[in-house]
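# Survey of secondary and tertiary structure
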Amino acid sequence: MRRTNVNDNQRAIRTLDLLKVFLRSFLIQASWSYDRMQSLGFAYAIQPVLRRLYPDREEYRSRLDLHMEYFNTQPYLAAFILGATARMELERASGRNRDADISGLKSALMAPLGALGDSFFWGALTPLAAVIAVAVLMTGAWWAPLLFLVLYNSWHVGLRAGVFVWGYQSAGDAVALMARYSFTKMARLFKAVSLAVIGGTLGMASNWRPELKLTVFPPGFVNVAAGLVITLVLVVVLRKGGSPVKLMLGLAGICLALAYTGVG
Amino acid sequence: MMIFYLHTLFAIFGIALVGGVLGLDRTAAGQFMISQPIVAGPLIGWMLGDTTAGLVIGAVLELIWVLDMPVGTFVPSDSTVGAVSATAIAAIGGGGHATPDLIGFSVLLTTAMVPVTMAVDGIVRKRNSRLADRAASAPGEDAEKKLSRAHLTGLAVFFLKSFVLYLVFVPAGLFAVSLFARFPGKAHIALALFVKLLPLLGAALIVRKLSIRNLDRFFLAGFVVAALLTLMFPLHPLIIILFVITAGYLATKESAFRQIG
């Protein structure tokens, strides 16, 4: 196996170790809890690197204990911190930087990366992939779920691998990460396109699959306009503080009233 | 009653197993989004011989729950349990050909289950603290093995949570479906209409969460482009969607250009 880093003390991390850490990062939230959050998951993921770098059992255990401290961030961008931690542990174990403040690095990175990742992955990428797939599905295409998975995971897995490698190479340089991946700019673009696609989906209401077509209104312009008006009314109601569950129950009640008054 | 047929019991058990695995993807493992309603619904529908019910339920629940995000300590509603249960109840209850009213009833039932799923999720995540304690107290040589075992036990706990929920929700839903058949005709009409209005509620939720304006210009631009193309030209819907994506992209570029100017 090729060694990625060899140093004076012959302490090195192999590519396979890094691959194992990356694969384990997919399980970082397996034991997520309210008080410890991803602490156990982080320690579990970094294990292969620690095992390689610290042959002495006591030292290995003390490093493992250190990584069981409180940790929580966006799970995909946790890969960046894992890559950075692997690199810092290498620096420490090889003696190049015995005083490396790994805990400080983790604490400094987890909150901003958490906010950035939540806003990009949950707030922009997921809705974009979802609205495109739903728009396609509404027109009758059965393969829309596959399109959703391809659209989402080509970004998700690609970025997750990219930030892991970048975290290792830059030893946790978050500024360089932001410069390399303009998450904020991409999030703004994705949100705007998502809004356009959801508007477009309503504009194509006459092409919707028969199970979802609004047949109470005459086809054509009236049907499409009615969909827009109802949606805008619902937006106004939501702004006043309605939750999805309450609104769904309310909508069912209105439908019941309409049915009994002869509409529908 | 339908739920006591042997093949129905097998189907419920199979759904609980598959649903349990899909549930792991929500937060515990991978997060490849196979747990999203748009994937979970059609998959369960296909398994039970009613892909259409799965596609319809998956699409509407995806729009409604997609922006219910797991931020910080907030654990959102379990849309996977909702999509899988609603599809299973509609597909089994409808004998493979669920009608729109039955689909509406199934969605409504699982909406009522949302607080239960959130409460159960909360209990599981609270109890998971014990796993960390178990790993932290690991003495000597077993530290690594104990940590891995404690951590991976979390996967089993999350799987069991969903598995048990399905074993309760799906039979309860099928029992409710047998009562629904005796509801007056107006109630069936109302729930068929309810399903058709759900995509509009989903669209409203997305506009509400992605924009600060009631009448967002990107939303309006997409609507106008799609409506004009649909009503005036006999284009394939997929081509219209591509036009809308391009319009949205160009609108952001124009907006950025105006800000610089």
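Residues numbered from 1 in each chain as written. Chains lettered and ligands numbered in written order. Predicted model: local features only at pLDDT ≥ 70, side-chain atom pairs only at ≥ 80, totals over all residues. Heavy atoms only, no water.

### A closer look at unusual backbone geometry
The backbone of A:Met37 sits at a positive phi, close to 50 degrees, despite the residue not being glycine. For B:Gln31, which is not a glycine, the phi torsion comes out positive at approximately 55 degrees. Counting through the fold element by element, B:Gln31 comes out in the loop between α1 (6-24) and α2 (37-47). (Helix = DSSP H or I, 4+ residues; strand = E, 2+ residues; numbered from the N terminus.)

### Describing the environment of A:Phe71
All names here are of chain A. Mapping Phe71 onto the fold places it in the loop between α3 (57-66) and α4 (78-93). Residues Phe71 and Asp35, 36 residues apart in the sequence, show an inter-C-alpha distance of 9.8 Å. Every residue in contact with Phe71, bar those within four places of it in the chain, is listed here: Ile28, Arg36, Met37, Gln38, Ser39, Phe42, Ala78, Ile81, Lys106 and Met110. (Contact = heavy atoms within 4.5 Å.)

### Some remarks on the packing of aromatic side chains
For any pair of aromatic rings, the description consists of the separation of the ring centres together with the inter-plane angle of the planes. Inspection of the entire model under this criterion finds 21 aromatic pairs over all chains. Look at A:Tyr76 and A:Phe121: their rings are 4.7 Å apart centre to centre, the planes differ by 80 degrees, and that puts the pair in the edge-to-face class. Here A:Phe121 lies in helix α5 (residues 102-138) and A:Tyr76 lies in the loop between α3 and α4, a separation of 45 residues in the sequence. Accessibility expressed as a relative area gives 1% for A:Phe121, which makes it buried. Relative to B:Phe180, the ring of B:Phe105 lies with its centre 4.3 Å away and its plane at 5 degrees, an arrangement referred to as stacked. One end of the pair, B:Phe105, is in helix α5 (residues 100-127); the other, B:Phe180, is in helix α7 (residues 143-180), with 75 residues separating them in the sequence. Accessibility expressed as a relative area gives 9% for B:Phe105, which makes it buried. Grouped by ring-pair contacts, the aromatic residues A:Tyr76, A:Phe120, A:Phe121, A:Trp122, A:Phe148, A:Tyr152, A:Trp155, A:Tyr181, A:Phe183 and A:Phe190 constitute a single cluster. Between A:Arg160 and the ring centre of A:Phe26, over which it is positioned, the NZ or CZ distance is 4.2 Å. The aromatic ring of A:Trp166 is capped on one face by A:Arg180, whose charged end is 4.3 Å from the ring centroid. (Phe/Tyr/Trp six-rings, centres within 6.5 Å; stacked < 30°, edge-to-face > 60°. Buried < 20%, exposed > 50% of the residue type's maximum accessible area, 1.4 Å probe, protein only. Lys NZ or Arg CZ within 6 Å of the ring centre and 35° of its normal.)

### Side note on the confidence of the model for chain B
Residue and element names in this part refer to chain B. Looking at chain B, the pLDDT average stands at 91 and 94% of residues meet or exceed 70. Averaged over each element, pLDDT in chain B is lowest for helix α6 (residues 129-136) (80) and highest for α2 (98). Reported confidences for the modelled complex are a pTM of 0.93 and an ipTM of 0.93. (pLDDT = per-residue confidence, 0-100.)

### Concerning the pattern of salt bridges
With the rule as written, the count across this model stands at 13 salt bridges over all chains. Salt-bridge contacts for A:Lys106 lead to A:Glu69; the nearest nitrogen and oxygen are separated by 3.4 Å. Remark: A:Glu69 occurs in the loop between α3 and α4 and A:Lys106 occurs in helix α5; sequence separation between them is 37 residues. Between A:Arg209 and A:Glu211 there is a salt bridge, with its nearest N and O atoms 2.9 Å apart. By relative accessible area, A:Arg209 is classed as buried at 9%. A:Glu211 sits in the partly exposed class, given a relative accessible area of 21%. Within the structure, one salt-bridge network assembled from shared partners comprises B:Arg26, B:Asp78, B:Asp121, B:Arg125 and B:Lys161. (Salt bridge = Lys/Arg side-chain N within 4 Å of Asp/Glu carboxyl O.)

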